[in-house]
Amino acid sequence: MKPPFVIAVDGPAASGKGTIASRLAGAYDMPMLDSGLLYRAVGVLLARHGGDFDDVAAATQVARDLTAEMLTDPAFRTREAGEAASRVAIHPSVRLALRDMQQAFALRPDGAVIDGRDIGTVIAPAAPAKLYVTATPEVRAERRWKQLQGQGEAVSYEDILDDIRKRDARDGGRADSPMRPADDAVLLDTTEMTIDQATDAARRIVEAARARWELS
Ligand code: C5P
């Protein structure tokens, strides 16, 4: 039997992957999972309970106790939450604890769009459509800065660029880092693109993948 039509959208922070993923989900009427939200929730809930990001056992327990119903808190969307997420995401046992929830989503018979760092490599390696969305750190920082300003967070561009660089180093700096493109992912560099152009390019990649999947 064919695997469900999963679209894996991976890439670094503020590359545009979240917007692209949600637009793809809307265009194809497919359910979407923002896997970063799981890591954000673990980081924020751990900190809220007075936990330390380096306390692997405590972070893993929070990850094991996480349910889909807990993911609606707007506090998970802040800059601080992104930072907390990347601190807990380095623990392999946290990643493992969050794996089942993500893989169950990837098995939905009607398919799914999932965005993250390791969707095409670890969570859904059989996904028929894999995109790896990138842009320069400067362009990503500008996008994230505008987004946070829209949410009412007063932060400077320089601080955001610094965040992005640290996050890239933490997410992708080790040999076993999850943040790398799958061998069969299509790279989409959005540096010079508007979000509409990036979405159109993503749709073309997905449509080619869908045609292959339908023939398989
Ligand atoms: O994508 P987002 O900015 O919400 O992700 C927050 C952090 O969560 C990332 O910087 C990364 O450390 C972690 N993450 C991850 N694997 C994923 C999604 C997010 O390690 N699939």
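The structure reproduced in this document is the subject of the present report. (Residues numbered from 1 in each chain as written. Predicted model: local features only at pLDDT ≥ 70, side-chain atom pairs only at ≥ 80, totals over all residues. Heavy atoms only, no water.)

For the chain, the count of helices and strands is nine helices and five strands. When the helices and strands of the chain are listed from N to C terminus, the series reads β-α-β-α-α-α-α-β-α-β-α-α-β-α. Its C-alpha radius of gyration of 17 Å places the chain within 12% of the 17 Å reference for a compact globule of 216 residues. Its C-alpha atoms put the chain at 50 × 35 × 35 Å along the principal axes. (Helix = DSSP H or I, 4+ residues; strand = E, 2+ residues; numbered from the N terminus. Rg over C-alpha atoms; globule rule 2.2 N^0.38 Å.)

On to the packing of helix α3 (residues 56-65) against helix α5 (residues 92-106). It is at 8 Å that the axes of α3 and α5 come closest, and there the two elements cross at 10°. The orientation of α3 relative to α5 falls into the category roughly parallel. The residues of α5 that touch α3, namely those facing V56, A59, T60, A63 and R64, are S93, V94, A97 and L98. Counted by class, the contact of α3 with α5 contains six nonpolar, two polar and one charged residues. (Axes fitted to C-alpha atoms, helices over the stretch in contact; angles between N-to-C directions. Parallel < 35°, antiparallel > 145°, perpendicular 65-115°, else oblique. Contact = heavy atoms within 4.5 Å. Nonpolar A, V, L, I, M, F, W, Y, C, P; charged D, E, K, R; others polar.)

Moving on, we come to the nonpolar core. In terms of nonpolar packing, the biggest core is built from 22 residues, with V42, L66, V94 and L98 touching the most fellow members. Of all the elements, helix α2 (residues 35-48) adds the most residues to this core, at eight residues. Grouped together as the second largest cluster of nonpolar side chains are 20 residues, F5, A25, A129 and A209 included. (Core = buried A, V, L, I, M, F, W, Y, C linked by side-chain atoms within 4.5 Å. Buried < 20%, exposed > 50% of the residue type's maximum accessible area, 1.4 Å probe, protein only.)

Our next topic: the pairing of strand β1 (residues 6-10). With respect to burial, β1 is a largely interior element, five of its five residues being buried. Because side chains alternate across β1, one face comprises the buried residues V6, A8 and D10, and the other comprises I7 and V9, equally buried. The sheet contact formed by β1 and strand β3 (residues 112-116) spans five bridges and is parallel. Across the sheet, the residue bridging to V9 is D115, located in β3. Sheet topology note: the β1/strand β4 (residues 129-134) ladder contains four bridges and is parallel. Bridge pairing links D10 to Y132 in β4. (Pairing = 2+ DSSP bridges.)

Quick look at the site of the ligand now. Within the structure, the ligand sits among 14 residues, and S35, R40, R95, R167 and D171 are positioned closest to it. At 3.3 Å from an oxygen atom of the ligand is found a side-chain nitrogen or oxygen belonging to K17. In this structure, R95 approaches the ligand through a side-chain N or O atom, which is 2.7 Å from an oxygen atom. Coverage of the ligand by the protein amounts to 97% of the 450 Å² it exposes when considered alone. Every element with two or more residues in the shell around the ligand is listed here: α2, α4 (79-88) and α8 (157-172). Sorting elements by how many residues they give to the shell around the ligand places α2 first, with four residues. By residue class, the composition of the shell around the ligand is three nonpolar, four polar and seven charged. (Near = heavy atom within 4 Å. Polar contact = N/O pair within 3.5 Å; in protein donor to acceptor, adjacent residues only side chain to side chain. Areas by Shrake-Rupley, 256 points an atom, 1.4 Å probe, with all protein chains shown as cover.)

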